[in-house]
Amino acid sequence: MAFELPDLSYAYDALEPNIDARTMEIHHSKHHNGYTTNLNNAITDTPHASQTIEEILKGLDLNNKALRNNGGGFYNHRLFWAIMSPDGGGTPSGDLASAINNTFGSFDDFKNEFAKASATQFGSGWAWLCVQSDGSLKICATANQDNPLMPGIGCGGIPILGIDVWEHAYYLNYQNRRPDYIQAFFNVINWDKVSELYKKGV
Ligand code: MN
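Student: It is not clear to me how the overall build of the protein chain should be interpreted in this structure. Could you clarify?
Tutor: Assigned secondary structure in the protein chain consists of 8 helices and 3 strands. Reading the protein chain from its N terminus to its C terminus gives the helix and strand order α-α-α-α-α-β-β-β-α-α-α. Scaling as 2.2 N^0.38, a compact globule of 202 residues should have a C-alpha radius of gyration of about 17 Å, and the protein chain matches this with 16 Å. For the protein chain, the residues scored as buried account for 49% of the 202 residues in total. Looking at the protein chain as shown, the accessible area adds up to about 9400 Å², and 47% of this sits on carbon and sulfur atoms. Of the side chains in the protein chain, 14 bear a positive and 22 a negative charge, and the two mean positions are spaced by 4 Å.

Student: Even after reading the chapter, I still don't get the packing of aromatic side chains, so can you show me in this structure?
Tutor: One pair of aromatic rings is described through two measures. These are the centre distance and the angle between the planes. What the rule picks out here adds up to 15 aromatic pairs. Arranged with centres 5.7 Å apart and planes meeting at 45 degrees, the rings of F107 and F110 form a pair that is tilted. Of this pair, F107 and F110 both sit in helix 5 (residues 107–120), 3 residues apart, which is roughly one turn of that helix. Here F107 matches F110 in class, with each residue buried. Seen from their ring centres, W126 and W128 are 5.3 Å apart, and the 10 degrees between their planes marks the pair as stacked. According to the relative accessible area criterion, W126 is buried, its value standing at 0%. On the basis of relative accessible area, W128 is assigned to the buried category, the value being 0%. An aromatic cluster is defined as three or more aromatic residues linked by ring pairs; in this entry it consists of F80, W81, F104, F107, F110, F114, W126, W128, F185, F186 and W191.

Student: Explain the sheet that holds strand 3 (residues 158–164) to me, please; I cannot follow it from the model alone.
Tutor: Strand pairing in a sheet relies on backbone hydrogen bonds, with the paired strands running either antiparallel or parallel. Across the sheet, 3 strands lie side by side as 2-1-3; this open sheet has antiparallel pairing. The open sheet has two free edges, formed respectively by strand 2 (137–143) and strand 3, since each of these has just one partner strand. Each neighbouring strand pair of the sheet contributes to a mean axis angle of 25 degrees, computed without reference to strand direction. Strand direction decides the pairing type here: strand 1 (residues 125–131) and strand 3, joined by 6 bridges, are antiparallel. Paired with W126 across the strands is D164, a residue of strand 3. Helix 4 (residues 94–104) contacts strand 1, strand 2 and strand 3 of the sheet and is inclined by roughly 80 degrees relative to strand 2.

Student: Help me understand the coordination of the manganese ion in this model?
Tutor: Tetrahedral coordination by four donors places them ideally at 109.5 degrees to one another around the metal; octahedral coordination by six donors ideally gives 90 or 180 degrees. Donor atoms from the polypeptide that bind the manganese ion are H27 (NE2), H77 (NE2), D164 (OD) and H168 (NE2), placed at 1.9 to 2.1 Å. Taken in chain order, the donor set of the manganese ion reads H-x49-H-x86-D-x3-H. One end of the pair, H27, is in helix 1 (residues 21–43); the other, D164, is in strand 3, with 137 residues separating them in the sequence. One exposure class covers both H27 and D164, and it is buried.

Student: Looking at this structure, how should I read unusual backbone geometry?
Tutor: A negative phi angle is the norm for most residues apart from glycine, just as the trans form is the norm for most peptide bonds. The linkage connecting E16 with the following residue, P17, adopts the cis geometry, with an omega of 0 degrees. Residue position: P17 is located in the segment before helix 1.

Scoring rules and cut-offs
Residues numbered from 1 in each chain as written. Predicted model: local features only at pLDDT ≥ 70, side-chain atom pairs only at ≥ 80, totals over all residues. Heavy atoms only, no water. Helix = DSSP H or I, 4+ residues; strand = E, 2+ residues; numbered from the N terminus. Rg over C-alpha atoms; globule rule 2.2 N^0.38 Å. Buried < 20%, exposed > 50% of the residue type's maximum accessible area, 1.4 Å probe, protein only. Areas by Shrake-Rupley, 256 points an atom, 1.4 Å probe, with all protein chains shown as cover. Lys, Arg positive; Asp, Glu negative; His and termini not counted. Charge placed at Lys NZ, Arg CZ, Asp CG, Glu CD. Phe/Tyr/Trp six-rings, centres within 6.5 Å; stacked < 30°, edge-to-face > 60°. Pairing = 2+ DSSP bridges. Axes fitted to C-alpha atoms, helices over the stretch in contact; angles between N-to-C directions. Contact = heavy atoms within 4.5 Å. Donors = N, O, S within 2.8 Å, 3.2 Å for Na, K, Ca; no water.

So far we have only geometry, and geometry alone does not tell us how the molecule works.
This is how it looks when you write it as structure tokens:
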């Protein structure tokens, strides 16, 4: 079954001024749409056609560049849209807040480490917060459209939060000021969704 570009649950301009409408529209309707089309082309008439995206990524042959780039691109952006909201920002609560405090010391320590991983990823890529099988959390960054579900990539575990640091994610509004974009991203994080993913992943 072919993968479909997911709709956003908010309008393209809903995340302004943190992420501008034009960037959101191009990012979703062009970039993510392209990854989705190319993923479908890469799995047509292969055994991957009957797999979920998670199964495809976990069993990925890293030498299969079309599947690596476009399967990763499809999954990463689907997660990215879901963990942002116009009602986002603030701090998490409940079990996720406890896990963040236990792993990083405090929310501010987590925020600093996540921002650093995002800012220091050289070139295109993503930074992630992942839940491990013992419930602990890890931060890592990956290049291009790789992600932690792929074998031997990043910090392992299940990604519950990710920030796209490709220039296409911020350049129209922030130009080379990636750190400003990263700080603005914290204003739109949908912690309810991240908490839900944490509970599922533990
Ligand atoms: Mn992107």
